Amino acid sequence: MFDRLSLKKLNISKKYFVLVTILVISIFLTSCGNNYDLEHSVKKDMHQFYDDINAVIKSDNTREQTVKGVKEIIENANIGKIKIVDENLIIDIKSEGKAKYKYVLQCDFGNSKTISGDELAIALSTAKNLQKNSEIRLILSYKDSLNSAVEKLDKSYFEGYRVLSLVNTSKNRFYTSSMGTTEYKLTYDMKKSRPAGNTAYSVEISGLSAFDSAIRSKKDINPITFVGNMLSDLNSAGVNIEIAEFESDGEINNFANKVKLVFVGDKSVKEKVERKLEREKKDFTERKDNNSNAKFTYSEVSVPDLVYDYNQTAKILSVLYTLVDGVYATSEEDFEGDITGVTAISRISSSGGISVGVMGRYATKDIKTKLDRDIKAVAVLSDFTINTTERKSIWKMDDKTNADQNKALFSLLEKAGFEQESGGMLLESSAPQIAPKIKNNLFVPISVEITNGESIVVNILNMIGEQ
């Protein structure tokens, strides 16, 4: 049996247990409440920034007007004093307390054909909701279809900082390398002549989102190859096709967001052609996935005065069919392992001859050499000439300089919800231009998306304020 002293001690222990339990629960609920409040604030700010940003970048603004528009968004949000250096908006923000590490958040902005707006909205909502013991520098750089203004910045703007460069994809990743990119332009100075056929159709695909051609799934549609494959099928089925018009709209690094085709055939196969067009329309509707505004339309039109004849059309279709549009190379045989090469047919024009634009991405110089050779072989086979434009060089992190600090930064990024991408970054980014400016090698590109972006922002905020 318990004596009185034992019972008294037991009662005291119970009281302490209850008090400690209440204290722990209180701390837990306060923490959850704080995180909820922060996440709610971040979400509200992020979506407001996103709407404001897209109102600027989706207009027909000049680059000067775009820079001014983004500057006004930042000023209205009272984030901090802005310094403009060669189309880079630079803002230093410091919270209460002493930061263990200082961070640069860099991202590009431009018009809607090159930039999504996700990364800028996430960067600004991070800056606006900075927590204790945090210090960051925003570097927001105007980017056209190829070059980012960040290339013009002196390295002094990055010294003493851990640098995170934000890009937009549907997965939260961090990268230690990025692919080089080359634009290939295949041309043929064809001359049009009178059509042999006596019936014509106009086909148009429109409303597709302008997104980077490196990011694709089985449902993603390249409208150029979609229409090209349709014509090849008709050709194989015995329908003599003559192309009158084949035009796309979009940047070389993106899938085309619009394609228009006018072709001529013979009335004797009209029923076969229309059945095919209807099947393609149905297939397109089933595959358009996230492109709710995308449309496949066709109609019979007047026969045009001039066309590329049957043999010339066959050469055009041969090039489109033979070029690789998708994964070109992988780290293992039989297209297993990491992607190390990607190509995309991104442009086509029938004005003043035929021109086909291809975007090539490669992880190594050897893959680039092979890609150069293969695309040239396709061009020569169909009597096309080829010109190349080098766009971005290959970037690979130096894994020896500051290896321990990089490992610590990787660990923090993983804790913040980012996974390391074992292969190179497929997106065309500014990494090759930023990395040489950073002496301490503490530079990591990260990919973000506005969908559920508030949780990622909160994690980044916690990482930046980490003690």
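Residues numbered from 1 in each chain as written. Predicted model: local features only at pLDDT ≥ 70, side-chain atom pairs only at ≥ 80, totals over all residues. Heavy atoms only, no water.

Notes on the overall build of the protein chain
Alright, step 1. In terms of helices and strands, the protein chain carries 10 helices and 19 strands.
Alright, step 2. Relative to its full complement of 467 residues, the protein chain shows a buried share of 49%.
Alright, step 3. Put simply, of all contacts in the protein chain between residues at least 6 apart along the chain, 80% involve residues at least 24 apart.
Alright, step 4. Total accessible area computed for the protein chain in this model is approximately 23100 Å², and 49% of it derives from carbon and sulfur atoms.
Alright, step 5. Distance from the positive charge centre (63 side chains) to the negative charge centre (65 side chains) of the protein chain: 5 Å. (Helix = DSSP H or I, 4+ residues; strand = E, 2+ residues; numbered from the N terminus. Buried < 20%, exposed > 50% of the residue type's maximum accessible area, 1.4 Å probe, protein only. Contact = heavy atoms within 4.5 Å. Areas by Shrake-Rupley, 256 points an atom, 1.4 Å probe, with all protein chains shown as cover. Lys, Arg positive; Asp, Glu negative; His and termini not counted. Charge placed at Lys NZ, Arg CZ, Asp CG, Glu CD.)

Concerning the pairing of strand S4 (residues 135-142)
Alright, step 1. For S4, the buried fraction is high: eight of the eight residues fall into the buried class.
Alright, step 2. Here S4 shows two buried faces, one formed by Glu 135, Arg 137, Ile 139 and Ser 141 and the other by Ile 136, Leu 138, Leu 140 and Tyr 142.
Alright, step 3. Here strand S2 (residues 88-94) pairs with S4 via seven bridges, running antiparallel. Bridged to Leu 89 within S4 is Leu 140. (Pairing = 2+ DSSP bridges.)

A closer look at the nonpolar core
Alright, step 1. Within the largest apolar cluster, 69 residues are counted, with the highest numbers of intra-cluster contacts made by Leu 124, Leu 138, Leu 140, Phe 158 and Ile 446.
Alright, step 2. Leave out the neighbours within four places in its chain, and Ile 446 touches Leu 164, Ser 165, Leu 166, Val 167, Arg 173, Phe 174, Leu 413, Phe 418 and Ile 460. (Core = buried A, V, L, I, M, F, W, Y, C linked by side-chain atoms within 4.5 Å.)

Looking at the sheet that holds strand S1 (residues 82-85)
Alright, step 1. Within the open sheet, the eight strands sit side by side as S1-S2-S4-S3-S5-S19-S6-S18. Their pairing is mixed. With one partner strand each, in any of the chains shown, S1 and strand S18 (419-420) form the two edges of the open sheet.
Alright, step 2. As defined by bridge partners, strand S6 (residues 173-174) adjoins S18 across two bridges and the pair is classed as parallel. Following the sheet pairing, Phe 174 is matched in S18 by Gln 420.

Quick word on the packing of aromatic side chains
Alright, step 1. Summed over all chains, the structure comprises eight aromatic pairs.
Alright, step 2. Plain terms: the ring middles of Phe 109 and Tyr 142 are 5.8 Å apart, the flat faces sit at 85 degrees to each other, and that makes the pair edge-to-face. Pair noted here: Phe 109 is in strand S3 (residues 103-109) and Tyr 142 is in strand S4, with a separation of 33 residues, a long-range link.
Alright, step 3. With a centroid separation of 6.1 Å and an interplanar angle of 70 degrees, the aromatic rings of Phe 226 and Phe 296 are classed as edge-to-face. Placement of Phe 226 in helix H4 (residues 223-236) and of Phe 296 in strand S12 (residues 295-301) is noted, with a sequence separation of 70 residues between them.
Alright, step 4. Linked through ring pairs, Phe 226, Phe 284 and Phe 296 together constitute an aromatic cluster. (Phe/Tyr/Trp six-rings, centres within 6.5 Å; stacked < 30°, edge-to-face > 60°.)

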